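Close look at the chain arrangement
One letter stands for each residue in the lines below.
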Amino acid sequence: MTEDPQTQQKEEKEMKEIDLFAIFRKLYAQRKKLYKAVGIGLVVGIVLSFSLPTTYKVNVSLSPESGLTATNGLSGLASMFGLGNASTGFGEDALTFNMFPEIVKTNPFALELLQIPVKTRDGKESLLYDYLDTQRKPWWTYVMNAPGMAVGGLMSLFRDEPEDTARAAIDPFQLTPEQNERIGMLKGVLKVKTDKKTNITEVSVTLQDPLATAIVADSAISKLQEYITDYRTRKARQDYDFQLHLCQQYRKEYFAAQQEYAKFADANRNIVLQTVTTEKDRLQKNLTLAEQIYSQSMAQLQVLRGKLQEAKPVFAVVEPATVPLAPASPKTSMLAVAFAFLAFLAESGWILFGKDLWVRVRNELKKKD
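What you are looking at is a predicted structure, and each value in this text was computed from that prediction instead of being measured.

Looking at the nonpolar core
One finds Phe-100, Leu-113, Leu-114, Leu-128, Leu-186 and Leu-190 to be the most contacted residues of the largest nonpolar core, which totals 34 residues. Those elements that provide at least two residues to this core are β1 (56-65), α4 (100-104), α5 (107-113), α6 (128-131), α8 (177-189), β4 (190-195), β5 (200-207) and α9 (210-267). Take this core: its biggest share by element is eight residues, from α9. Setting aside anything within four residues of it in sequence, one finds Leu-190 in contact with Val-104, Phe-109, Leu-113, Val-203, Ser-204, Val-205 and Ala-220. If you look at the next biggest cluster of nonpolar residues, it comprises nine residues, including Phe-264, Val-276, Ala-290 and Tyr-294.

Shown next, in the form of structure tokens:
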């Protein structure tokens, strides 16, 4: 005979309630062990929080704007001199602002940033390269690295000490282990991400001194702006420099034609000869042509000067770098609560499942023996 579905659901509900009550009763019976586990978790969390070095974090938001558009005024002016198309503008750069995070990861950018001077809250000044070496680490890091440090110290006794040229002669093509370690440390404390929807770039720096953190964040933004500005204006600057060189050359040719015409006119004043007239007309035409070429070249130079200025990107700093007043980590209360909760879960799992499972496994092993 088939049971009523409602009756079956009621029985299943009662069984679940009984199971939950049994679990609660089992845990309640072992509440002293749970209290002990939670207390141990709290102590471990507090000890761990005090073992971690205090760090400060600075976030800087940057909103860049492209300097080149397809409808700007200079595009139409450039088309008058054959430098571009009024409908298409000067073109777009291959480098987009979404590449900011990739630029920060490059070794040339890191090496430049490592050379900036930083100042700590206690007044000490040094290069970022040296400051990163003063960052404290958790005590267990030294314990884990102790064997390697001992081996390295022993091996150093049998080789000549190299000169300290880590900062004096940095060769990006061939970095030393120490220089490569500094670059890795910098990439670990400097993070950059770009929101593709809003086009806002956020630069975050995490260090153990608030003043140094703010200085590095501000310097990273400045270096990033310099990198992008140099890239976006490189082609325009090359065109401008080339046109400037041509203008200087055309200017000399114009002045030379002017001097030649003036000297010939002064030397042959009041002389009525066909040869003199013909030569004077020729020099006059050369002077007019040189003047036209020089004028057109100067006009093109002005257009390229505007293009160079137009190519420079505009950066709006939405959130500037400020010295943080409170540390970002460690969060003592959060760590303590987290470890207490983990200890509670672990002890509860042992009471409910682990202990019985261990007893069964041990009995099976004894039977086999």
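Here we look at a nonpolar patch on the surface
Residues Trp-350, Leu-357, Trp-358, Val-359, Val-361 and Leu-365 make up a contiguous nonpolar surface patch of roughly 550 Å² in combined accessible area. Summarising the element assignment, Val-359 is placed in helix α11 (residues 332-368).

Some thoughts on the confidence of the model for the protein chain
Parts of the model with low pLDDT should not have their predicted coordinates read in detail. Here the protein chain averages 78 in pLDDT, and 78% of its residues register 70 or above. Taken element by element, the protein chain is modelled with least confidence in helix α3 (residues 73-80), mean pLDDT 42, and with most confidence in strand β2 (residues 117-119), mean pLDDT 92. For residues 67-94, every residue scores under 50 in pLDDT, and the model assigns this stretch 50 contacts once sequence neighbours within four places are set aside. This stretch, residues 163-168, has a pLDDT under 50; its non-local contacts, to residues over four places away or in other chains, come to seven contacts.

Describing the packing of helix α2 (residues 31-51) against α11
At a minimum axis separation of 7 Å, α2 and α11 run at an interaxial angle of 145°. You can see that α2 and α11 cross each other, and the crossing is right-handed. Within the contact between the two elements, α2 uses Lys-33, Leu-34, Ala-37, Val-38, Gly-41, Leu-42, Val-44, Gly-45, Ile-46, Leu-48 and Ser-49 and α11 uses Thr-332, Leu-335, Ala-336, Val-337, Phe-339, Ala-340, Ala-343, Phe-344, Glu-347, Ser-348, Ile-351 and Lys-355. For the contact of α2 with α11, the residue count by class is 15 nonpolar, five polar and three charged.

Examining the packing of aromatic side chains
The final tally for this structure, using the stated rule, is three aromatic pairs. Between Tyr-254 and Phe-255, the aromatic rings sit 5.7 Å apart at their centres with planes inclined by 40°, giving tilted as the arrangement. Measuring from centroid to centroid gives 5.8 Å for Tyr-254 and Tyr-294, while their planes differ by 10°, and the two rings are stacked. Here Tyr-254 is found in helix α9, whereas its partner Tyr-294 is found in helix α10 (residues 274-311), with 40 residues between them in sequence. You'll find Tyr-254 and Tyr-294 in the same group, each marked buried. For Arg-182, the ring lying beneath its charged end belongs to Tyr-129, and the centroid distance is 4.9 Å.

Quick word on the packing of α9 against α10
At a minimum axis separation of 8 Å, α9 and α10 run at an interaxial angle of 160°. It follows from the interaxial angle that α9 and α10 lie roughly antiparallel. When the axes of α9 and α10 are compared, the crossing they make is left-handed.

Topic: the pairing of β5
In this sheet, β5 lies alongside β4 in antiparallel orientation, the contact comprising six bridges. Looking at β5, one finds that Asp-195 is bridged to Ile-200. As consecutive antiparallel partners, β4 and β5 are separated by four residues, and within that stretch Asn-199 has a phi angle of approximately 65°, a positive value.

Describing the pattern of salt bridges
Taken as a whole and assessed by the stated rule, the structure comprises ten salt bridges. The residue Asp-230 makes a salt bridge to Arg-234 at a minimum N-O spacing of 2.9 Å. Here Asp-230 pairs with Arg-234, and both are found in helix α9, just four residues apart, close to one helical turn. Owing to a relative accessible area of 35%, Asp-230 belongs among the partly exposed residues under this scheme. Residue Asp-266 is joined to Arg-269 by a salt bridge in which the shortest nitrogen-to-oxygen separation is 3.3 Å. With respect to burial, Asp-266 and Arg-269 carry one shared label: exposed. If you follow the salt bridges from partner to partner, you end up with Asp-133, Glu-178 and Arg-182 in one network.

Cut-offs applied
Residues numbered from 1 in each chain as written. Predicted model: local features only at pLDDT ≥ 70, side-chain atom pairs only at ≥ 80, totals over all residues. Heavy atoms only, no water. Core = buried A, V, L, I, M, F, W, Y, C linked by side-chain atoms within 4.5 Å. Buried < 20%, exposed > 50% of the residue type's maximum accessible area, 1.4 Å probe, protein only. Helix = DSSP H or I, 4+ residues; strand = E, 2+ residues; numbered from the N terminus. Contact = heavy atoms within 4.5 Å. Patch = residues over 30% accessible without salt bridge, like charges linked within 9 Å, V, L, I, M, F, W, Y side chains within 5 Å. Areas by Shrake-Rupley, 256 points an atom, 1.4 Å probe, with all protein chains shown as cover. Salt bridge = Lys/Arg side-chain N within 4 Å of Asp/Glu carboxyl O. pLDDT = per-residue confidence, 0-100. Axes fitted to C-alpha atoms, helices over the stretch in contact; angles between N-to-C directions. Left-handed = near helix turned anticlockwise from the far one by under 90°. Nonpolar A, V, L, I, M, F, W, Y, C, P; charged D, E, K, R; others polar. Phe/Tyr/Trp six-rings, centres within 6.5 Å; stacked < 30°, edge-to-face > 60°. Lys NZ or Arg CZ within 6 Å of the ring centre and 35° of its normal. Parallel < 35°, antiparallel > 145°, perpendicular 65-115°, else oblique. Pairing = 2+ DSSP bridges.

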